[in-house]
Amino acid sequence: MPPVKWLMHWHPSPGATLNTQILLEACGCAESLGGAKDGRWKTSIFFYRAMTRDTTAGPAGQQPGDLPRELLGVALHERPGLYFSIVRPAKLVLQADAAFTQVMEKLQSYKARVALHFEGFQYQLGDFCLRIGKCAANNSEALRGIMMEVEYYPLSSIEKSRAVMEDFFDVWQEAVAKKSLPGHFIHVESNFSEYGLTDQYSFQHTAVQYATCLQQLMAAGRG
């Protein structure tokens, strides 16, 4: 069972823009807290839209009632052999083999519209693992966001780990505040119970967190 993980995204101050310097300063914070760089990581999210067919589409190109119009695909860096699909309106999260994407292509039921990649450096800090990186669209260097994963190795219970994670987040925020950067990191909790997920952390929890984090990150970018 995987350890508990929190995802956090960078929320810029009003009028501020994202830049690589913020990312570098965040990595510097990890090192200032004693974090040792331990390689790179990359997680990807794919937006799929249902393919409309004349024989099945209703008036004005509506989709059949049993076919969700959109779904998210999540490919996690720590589980390269698995693929997670999320249907947000129905609150479903499904785990499948990585070949799932090929099946969808052959069935011609969904088409990938956008791919967003989260990638950066990993740091080991005692019982914690920090992954700090940028979010960018496929084939683009433009920053769409900055985010961080915080993993706490000893615990898999979300509730039992809450106090430890909150304490770490407070220490992290203090370190970032010393940099006087135009913004701050935010942790938005996902409602795991809506997806039928329990207190014991799983990779499905991570996939749901990425969906939640992505919504907040995009909203912050528009603001």
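In what follows, the accompanying structure is described. Source: prediction; values computed, not measured.

### A word on the packing of aromatic side chains
Turning to step 1, where the next piece is worked out: Inspection of every chain in the model, using the stated rule, returns seven aromatic pairs.
Turning to step 2, where the next piece is worked out: Seen in terms of ring centroids, Trp 10 and Phe 185 are 5.1 Å apart; in terms of plane orientation they differ by 75°. Their pairing is edge-to-face. A residue pair is termed long-range when its members are at least 10 positions apart, and Trp 10 in strand E1 (residues 4-12) and Phe 185 in strand E9 (residues 183-186) qualify at 175 residues.
Turning to step 3, where the next piece is worked out: Overall, Trp 10 belongs to the buried group, its relative accessible area being 3%.
Turning to step 4, where the next piece is worked out: Under the relative-accessibility criterion, Phe 185 is labelled buried at 2%.
Turning to step 5, where the next piece is worked out: Joined through ring pairs, the aromatic side chains of Trp 10, Trp 172 and Phe 185 make up one cluster.
Turning to step 6, where the next piece is worked out: The residue whose ring lies beneath Lys 37 is Phe 121, and the NZ or CZ to ring-centre distance is 4.1 Å.

### Structural notes on the pairing of strand E7 (residues 128-137)
Turning to step 1, where the next piece is worked out: Among the ten residues that make up E7, ten are buried, leaving the element largely enclosed by the rest of the structure.
Turning to step 2, where the next piece is worked out: In this structure, strand E6 (residues 110-125) lies alongside E7, joined through ten bridges in antiparallel fashion. Looking at the pairing, Leu 125 lines up with Phe 128 of E7.
Turning to step 3, where the next piece is worked out: Where E6 hands over to E7, the hairpin turn is made up of two residues, of which Gly 126 adopts a positive phi near 60°.
Turning to step 4, where the next piece is worked out: Where E7 and strand E8 (residues 143-152) come together, nine bridges link them in antiparallel fashion.

### Observations regarding the sheet that holds E8
Turning to step 1, where the next piece is worked out: Strand order in this open sheet of nine strands is E5-E4-E3-E2-E6-E7-E8-E1-E9, and the pairing throughout is antiparallel. Pairing within the sheet leaves two strands with one partner each, and these edge strands are strand E5 (92-97) and E9. Across the sheet, the axes of successive neighbouring strands diverge by a mean angle of 25°, strand direction being ignored.
Turning to step 2, where the next piece is worked out: Against the sheet, helix H2 (residues 100-107) engages strand E2 (36-50), strand E4 (82-87), E5 and E6, with an angle of about 55° to E4.
Turning to step 3, where the next piece is worked out: Strands in contact with helix H3 (residues 158-177) are E1, E6, E7, E8 and E9; relative to E1, the strand with the most contacts, it is inclined by about 35°.

### Observations concerning the side chain of Ser 161
Turning to step 1, where the next piece is worked out: Residue placement: Ser 161 occurs in helix H3.
Turning to step 2, where the next piece is worked out: The class of Ser 161 is buried, set by a relative accessible area of 1%.
Turning to step 3, where the next piece is worked out: Of note is the side chain of Ser 161, whose polar atom sits 3.0 Å from the backbone oxygen of Ile 158.
Turning to step 4, where the next piece is worked out: Setting aside residues up to four positions removed in sequence, Ser 161 forms contacts with Val 4 and Leu 155.

### Comments concerning unusual backbone geometry
Turning to step 1, where the next piece is worked out: Not every positive phi belongs to a glycine, and Lys 91 is a case in point at roughly 55°.
Turning to step 2, where the next piece is worked out: Within the element layout of this structure, Lys 91 appears in the loop between E4 and E5.
Turning to step 3, where the next piece is worked out: Backbone geometry places Ser 180, a non-glycine residue, at a positive phi of 55°.
Turning to step 4, where the next piece is worked out: One can find Ser 180 in the loop between H3 and E9.

### Quick notes on the pairing of E9
Turning to step 1, where the next piece is worked out: Burial along E9 is one-sided: the face carrying Gly 183 and Phe 185 is buried and the face carrying His 184 and Ile 186 is not.
Turning to step 2, where the next piece is worked out: Pairing between E1 and E9: four bridges, direction antiparallel. In the strand pairing of E9, His 11 is matched with His 184.

Reading guide: rules and limits
- Residues numbered from 1 in each chain as written.
- Predicted model: local features only at pLDDT ≥ 70, side-chain atom pairs only at ≥ 80, totals over all residues.
- Heavy atoms only, no water.
- Phe/Tyr/Trp six-rings, centres within 6.5 Å; stacked < 30°, edge-to-face > 60°.
- Helix = DSSP H or I, 4+ residues; strand = E, 2+ residues; numbered from the N terminus.
- Buried < 20%, exposed > 50% of the residue type's maximum accessible area, 1.4 Å probe, protein only.
- Lys NZ or Arg CZ within 6 Å of the ring centre and 35° of its normal.
- Pairing = 2+ DSSP bridges.
- Axes fitted to C-alpha atoms, helices over the stretch in contact; angles between N-to-C directions.
- Contact = heavy atoms within 4.5 Å.
- Polar contact = N/O pair within 3.5 Å; in protein donor to acceptor, adjacent residues only side chain to side chain.

By themselves these figures say nothing about function.
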